[in-house]
Amino acid sequence: DVKVTQSSRYLVKRTGEKVFLECVQDMDHENMFWYRQDPGLGLRLIYFSYDVKMKEKGDIPEGYSVSREKKERFSLILESASTNQTSMYLCASRGRGTGTEAFFGQGTRLTVV
Amino acid sequence: QQQVKQSPQSLIVQKGGIPIINCAYENTAFDYFPWYQQFPGKGPALLIAIRPDVSEKKEGRFTISFNKSAKQFSLHIMDSQPGDSATYFCAASTRSGGYNKLIFGAGTRLAVHP
């Protein structure tokens, strides 16, 4: 059974804290993605990575950074958490080619207080 | 800017009804159009997908209709069941700048009443 695993289901952090969200996939996929999900806005792409140590900005990268030191692991970093970053964060992985399926983790519900 | 526009935002049908969810896009470089289904507390999962050289695809009770000239595609759920109650996302994929990206619509929350 293929898996994308996010390290936490729920997180509560204080404003200004540095926050790490971790994602691990076991499918040897080249591409990994971080989305945030907000009601009425769907899934918005924050960052993605197409190879180890490679990253590209998505549609809403401000306030975030990412790290991919190993193929199976993709981390999202909130340098200084703010209340407007309270959201559901979803990690996904996908193989090469435009017609490949994306597999999602179960999501991390982050609340910044 | 939203590259994939999805409607309606929410939908309520009775069991056995045929909910229809619509999506529209502008970028003619999109070449793969999947639909994802998400249940509460879960990540989205692939439901069905279509390529633009096909006008319709059926998998069980789920059908995608694709209109390339209008740049629109839609999801139909035949004989809908309460277990189909979920959020549905359309998406489009393109190879842009050498990378493959999936762009999602805003989602439709479907409720099927018994």
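Residues numbered from 1 in each chain as written. Chains lettered and ligands numbered in written order. Predicted model: local features only at pLDDT ≥ 70, side-chain atom pairs only at ≥ 80, totals over all residues. Heavy atoms only, no water.

Colleague: Explanation requested: the overall build of chain A in the structure shown.
Modeller: From N to C terminus, chain A includes zero helices and eleven strands. Reading chain A from its N terminus to its C terminus gives the helix and strand order β-β-β-β-β-β-β-β-β-β-β. The C-alpha atoms of chain A give a radius of gyration of 13 Å, which matches the 13 Å a tight globule of 113 residues would have. Seen through its principal axes, chain A has C-alpha atoms that stretch 40 × 30 × 25 Å. (Helix = DSSP H or I, 4+ residues; strand = E, 2+ residues; numbered from the N terminus. Rg over C-alpha atoms; globule rule 2.2 N^0.38 Å.)

Colleague: What's the story with the pairing of strand β11 (residues 108-112) of chain A in this structure? I'm lost.
Modeller: The side chains of a regular strand alternate between the sheet's two faces. Residues and elements named next belong to chain A. Where burial is concerned, the two faces of β11 differ: the one with Thr 108, Leu 110 and Val 112 is buried and the one with Arg 109 and Thr 111 is not. When strand β2 (residues 10-13) meets β11, the two strands line up parallel, connected through four bridges. In the strand pairing of β11, Tyr 10 is matched with Arg 109. Inspection of the sheet shows strand β9 (residues 87-94) paired to β11 by three bridges, in the antiparallel sense. Each bridged residue has a counterpart across the sheet, and for Ser 87 the counterpart in β11 is Leu 110. (Buried < 20%, exposed > 50% of the residue type's maximum accessible area, 1.4 Å probe, protein only. Pairing = 2+ DSSP bridges.)

Colleague: Explain the interface of chain A and chain B to me, please; I cannot follow it from the model alone.
Modeller: Accessible area lost during the coming together of the parts is what is often quoted as the interface size. The interface is formed by 24 residues belonging to chain A together with 22 residues belonging to chain B. Each partner contributes to the roughly 1,900 Å² buried at the junction of chain A and chain B, and carbon and sulfur atoms together form 54% of this total. Where chain A meets chain B, there are zero salt bridges. Inspection of the region where chain A meets chain B yields six residue pairs in polar contact (both at pLDDT 80 or more). (Contact = heavy atoms within 4.5 Å. Buried area = accessible area lost by both parts, 1.4 Å probe. Salt bridge = Lys/Arg side-chain N within 4 Å of Asp/Glu carboxyl O. Polar contact = N/O pair within 3.5 Å; in protein donor to acceptor, adjacent residues only side chain to side chain.)

Read these as geometric descriptors, not functional statements.
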